[in-house]
Amino acid sequence: MKTLFRPALTLFVLLSAVTGIVYPVAVTGIAKVLFPEAAEGSLIVENGKPVGSMLIGQNFVDPKHFWGRPSATGPMPYNASASSGSNQGPLNPALKDAVKARIDALKATDPSQTAPIPEDLVTASGSGLDPQISPAAARWQAPRIARIRNLSEAEVNKLIDAHTEGRQFGLLGEPRVNVLALNLALDRLGKP
């Protein structure tokens, strides 16, 4: 029995060191060299302070800001440690009720907006953390933003266009707008 124990223990310690220390340190080091921004969390820095990440949404509720997709994380929205979808299918009554409540809330905050509400403003993403919305969702909110901030809709739409990202590699995904980056640019305009 002793003859098997020593090699097993040696192999355990060796593999633990390789997979628990050497490999993570090597991968992190390579990432910091090749992709320094992503390795540090793709942080957005304003005035020397991190204000968020390009990868995780934030809960904007002030009407003068653009709002992102609803978060599926609870009880705190956009909680990265609770990332998951709601797992509610299209026939689930709870999903229908949630979408109806979100539609009613959006209509209540901007009764003058009569255009159809884009889907991504009333449904959560698979991760519940999406930092982006569609350009259509941003444009749907533009009249409210323009009115509250005393801007023209053309100015707000120009800002949306400037922050719209295309498809990845020209093929993957859909055009999108990072809500945090758009709101920071909006705040830089200096209007209430």
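Quick caveat: nothing in here was measured; it's all calculated off a predicted structure.

## A short note on a nonpolar patch on the surface
- Nonpolar side chains collect at one region of the surface, where L11, L14, L15, V18, I21, V22 and V25 lie side by side and expose about 650 Å² of accessible area between them.
- Along the chain, V18 falls in helix 1 (residues 2–34).

## A closer look at the pairing of strand 1 (residues 43–46)
- Where strand 1 and strand 2 (residues 49–53) come together, four bridges link them in antiparallel fashion. Bridging from a neighbouring strand, V45 pairs with P50 of strand 2.
- Taking the residues between adjacent antiparallel strands as the criterion, strand 1 and strand 2 are bridged by two residues, where N47 takes a positive phi near 55°.

## Describing the pattern of salt bridges
- Tallied over the full model, the rule gives nine salt bridges.
- The shortest N-O distance in the salt bridge between R69 and D130 comes to 3.8 Å. One end of the pair, R69, is in the loop between strand 2 and helix 3 (93–109); the other, D130, is in the loop between helix 3 and strand 3 (132–133), and 61 residues separate them in sequence.
- You can call R69 buried: its relative accessible area is 17%.
- Exposure remark for D130: the relative accessible area of 24% places this residue in the partly exposed category.
- Of the charged contacts in the structure, one is a salt bridge between D161 and R139, with a shortest N-O distance of 2.1 Å. With D161 in helix 5 (residues 153–162) and R139 in helix 4 (residues 135–149), this pair connects stretches of sequence that are 22 residues apart.
- Residue class for D161 comes out partly exposed when judged on its relative accessible area of 45%.
- Note on R139: relative accessible area 34%, which makes it partly exposed.

## Thoughts on the sheet that holds strand 5 (residues 176–178)
- Within the open sheet, the three strands sit side by side as 3-5-4. Their pairing is antiparallel. Unpaired on one side and paired on the other, strand 3 and strand 4 (164–165) mark the two borders of the sheet.
- In terms of strand pairing, strand 3 meets strand 5 through two bridges, oriented antiparallel. Along strand 5, the bridge assignment pairs I133 with V177.
- Running over the sheet, helix 6 (residues 179–188) touches strand 3 and strand 5 and is turned about 60° from strand 5.

## Details of helix 4
- Over its 15 residues, helix 4 runs 20 Å from end to end, which matches the ideal 21 Å to within 8%, given 1.5 Å per residue.
- A142 marks the point of greatest bend in helix 4, at about 40°, and the proline P143 comes within the next four residues.
- For helix 4, the tally of buried residues reaches eleven of 15 residues, placing the bulk of the element in the interior.
- Packed against the buried residues of helix 4 are helix 3, strand 3, helix 5, strand 4, strand 5 and helix 6.
- Positive backbone phi, approximately 55°, marks N150, located one or two places after helix 4.

## A few points about unusual backbone geometry
- Look at N47: it is not a glycine, yet its phi comes out positive at around 55°.
- Structurally, N47 is set in the loop between strand 1 and strand 2.
- Using a relative accessible area of 79% as the deciding quantity, one classes N47 as exposed.
- Unusually for a residue other than glycine, F169 sits at a positive phi of about 60°.
- Residue placement: F169 occurs in the loop between strand 4 and strand 5.
- Judged by its relative accessible area of 68%, F169 falls in the exposed class.

Rules and cut-offs
Residues numbered from 1 in each chain as written. Predicted model: local features only at pLDDT ≥ 70, side-chain atom pairs only at ≥ 80, totals over all residues. Heavy atoms only, no water. Patch = residues over 30% accessible without salt bridge, like charges linked within 9 Å, V, L, I, M, F, W, Y side chains within 5 Å. Areas by Shrake-Rupley, 256 points an atom, 1.4 Å probe, with all protein chains shown as cover. Salt bridge = Lys/Arg side-chain N within 4 Å of Asp/Glu carboxyl O. Helix = DSSP H or I, 4+ residues; strand = E, 2+ residues; numbered from the N terminus. Pairing = 2+ DSSP bridges. Buried < 20%, exposed > 50% of the residue type's maximum accessible area, 1.4 Å probe, protein only. Contact = heavy atoms within 4.5 Å. Axes fitted to C-alpha atoms, helices over the stretch in contact; angles between N-to-C directions. Expected span 1.5 Å × (residues − 1). Bend = angle between axes of the 7 residues up to and from the residue.

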